[in-house]
Amino acid sequence: MSYQITVQPSGASYSAEPDETLLDAALRQGLSMPYGCKDGACGACKGTVQSGTVDLGRYQAHALTAEDIAAGKVLFCCARPTSDLSIENRQMIRMGDIQVKVMPARVEKLDKVAPDVIELHLRLPASEKFQFYAGQYIDFLLKDGKQRSYSLASAPEKEGVLELHIRHVPGGLFTDQVFGTMKVKDILRFEGPHGGFFLREESSKPVILLASGTGFAPIKSIVEHALAQGSSRPLHIYWGCRKQSDLYMNALPEDWAGKYPHIQYTPVLSEPEAGWTGRTGFVHQAVIADYPSLAGHQVYACGAPVMIDAARKDFLAQCALPEEEFYSDAFTFSAPGK
């Protein structure tokens, strides 16, 4: 038997089988909510069960704490229904014409933009059309059924080519290949698009775009899409890295900020070398210093889970950011060789 899932406050509903997660059931029926790892590790899909019962599934304690569980919180990527449910998710939307596909792609460019970051360009088949929302990601399909997820750095308007920013994880099954043996004209297979991290264009609120490391990739996609659409919505980009060389595309957001009055850019270094005159410290704290109130903003944060967790907690507690206006994509890494 299937269970009926009612989503509040929209009143939307969908069905879920006992053996599928609430997230998988929603995606199967063309609904999307914020999610990231789909493995109970990042917390991006956390929400509230208002009535009914669930099996919480396998999750990591830092992503779903005992306090969360006591408050009725679950991770939609792990929880399976054991009755009809009413859940709260203010960010669930219908995906429209976006279809998840499995496709081949040919490596067109491998550009080492930092000692540990490669800008990878993939050429899609001329006969295939690939649609996605700016900010989403794809899964590379590897041998033995393994997958690796990477955000798209190119805008949807750039047809035929996908851009990704790959950071080297020593011992990583996929990144060792990218930095070692991969060459132009190699064929890769991927599935996508995936993810609920993309710009909500129905809103006119000013936007804070918060990135750490290669979390800049989906932020780049979002900005380039907004520019292609002629949007004048205020965008303030904050990019946090350890040292200056980690700002591997620093000239690009500087150029945006110089050309467009509605775009601001603030790089922040946590371990700056001598000579750095810019902002220092934790990147989300730079946002708090600049925006004591985020009550009228949306925030899109992408990068390390520790940054996203701190930003969510502090923005809600200190800056009055509405919880439903915080969108995130946490980058989690597989253990080397797995």
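Please read these numbers as outputs of a predicted model, since none were measured by experiment. (Residues numbered from 1 in each chain as written. Predicted model: local features only at pLDDT ≥ 70, side-chain atom pairs only at ≥ 80, totals over all residues. Heavy atoms only, no water.)

## Quick look at the overall build of the protein chain
Of regular secondary structure, the protein chain possesses seven helices and 21 strands. Whereas a compact globule of 338 residues would reach a radius of gyration of roughly 20 Å, the protein chain reaches 20 Å, a difference of no more than 12%. Its C-alpha atoms put the protein chain at 60 × 50 × 40 Å along the principal axes. Burial statistics for the protein chain: of 338 residues in total, 50% are counted as buried. Nonlocal contacts in the protein chain, meaning residues at least 24 apart in sequence, comprise 70% of its contacts between residues at least 6 apart. Just so you have it, the protein chain exposes about 15100 Å², and 50% of that area is on carbon and sulfur atoms. (Helix = DSSP H or I, 4+ residues; strand = E, 2+ residues; numbered from the N terminus. Rg over C-alpha atoms; globule rule 2.2 N^0.38 Å. Buried < 20%, exposed > 50% of the residue type's maximum accessible area, 1.4 Å probe, protein only. Contact = heavy atoms within 4.5 Å. Areas by Shrake-Rupley, 256 points an atom, 1.4 Å probe, with all protein chains shown as cover.)

## Let's talk about the sheet that holds strand S6 (residues 73-75)
Pairing in this open sheet of five strands is mixed, and the strands run S2-S1-S8-S4-S6 from one edge to the other. Of all the strands in the sheet, just strand S2 (13-16) and S6 have a single pairing partner and so form its edges. Sheet twist, expressed as the average angle between the axes of neighbouring strands with direction ignored, equals 40°. As paired strands, strand S1 (residues 3-8) and strand S8 (residues 85-88) are joined by four bridges and run parallel to one another. In the strand pairing of S8, isoleucine 5 is matched with leucine 85. (Pairing = 2+ DSSP bridges. Axes fitted to C-alpha atoms, helices over the stretch in contact; angles between N-to-C directions.)

## Here's the deal with the environment of leucine 247
Along the chain, the position of leucine 247 falls in the loop between strand S17 (235-241) and helix H5 (251-259). Each C-alpha atom of the pair leucine 247 and serine 212 lies 9.5 Å from the other, and the pair is 35 residues apart in sequence. The contact partners of leucine 247, leaving out residues within four places of it in the chain, are Trp239, Cys241, Tyr265, Pro267, Leu269 and Trp276.

## Brief notes about the sheet that holds strand S18 (residues 263-269)
Sheet architecture is open: six strands sit in the order S19-S18-S17-S16-S20-S21, paired in parallel fashion. Lying at the two open borders of the sheet, with one neighbouring strand each, are strand S19 (279-280) and strand S21 (326-330). Of the strand pairs in this sheet, S17 and S18 are connected by seven bridges, and their pairing is parallel. Within S18, the residue paired with cysteine 241 across the bridge is leucine 269. In the packing of helix H4 (residues 216-228) onto the sheet, contacts are made with strand S16 (207-212), S17, S18 and strand S20 (298-303), and the angle to S16 comes to roughly 150°.

## Comments concerning the pairing of strand S15 (residues 187-194)
Relative to S15, strand S10 (residues 101-114) runs antiparallel, the two sharing six bridges. Of the residues in S15, the one forming a bridge with methionine 103 is phenylalanine 190. The pairing of strand S12 (residues 137-141) with S15 spans three bridges and is classified as antiparallel. By the bridge assignment, phenylalanine 140 is partnered in S15 with phenylalanine 190.

## Remarks on the packing of helix H6 (residues 283-290) against helix H7 (residues 305-318)
Direction vectors running N to C along H6 and H7 enclose 20°, while the axes themselves pass 9 Å from each other. One way to sum up the angle between H6 and H7 is to call them roughly parallel. At the point where H6 passes H7, the crossing takes the right-handed sense. Across from Val283, His284, Val287 and Ile288 in H6, the residues of H7 making contact are Met307, Ala310, Ala311, Asp314, Phe315 and Gln318. (Parallel < 35°, antiparallel > 145°, perpendicular 65-115°, else oblique. Left-handed = near helix turned anticlockwise from the far one by under 90°.)

## Things to note about the pairing of strand S11 (residues 117-123)
Burial analysis of S11 places six of its seven residues in the buried class, the great majority of the element. Across seven bridges, S10 lies against S11 in antiparallel orientation. Directly across from aspartate 111, in S11, lies its bridge partner glutamate 119. Sheet topology places S11 next to strand S14 (residues 161-167); seven bridges connect them, and they run antiparallel. Counterpart to glutamate 119 in the pairing with S14 is histidine 165.

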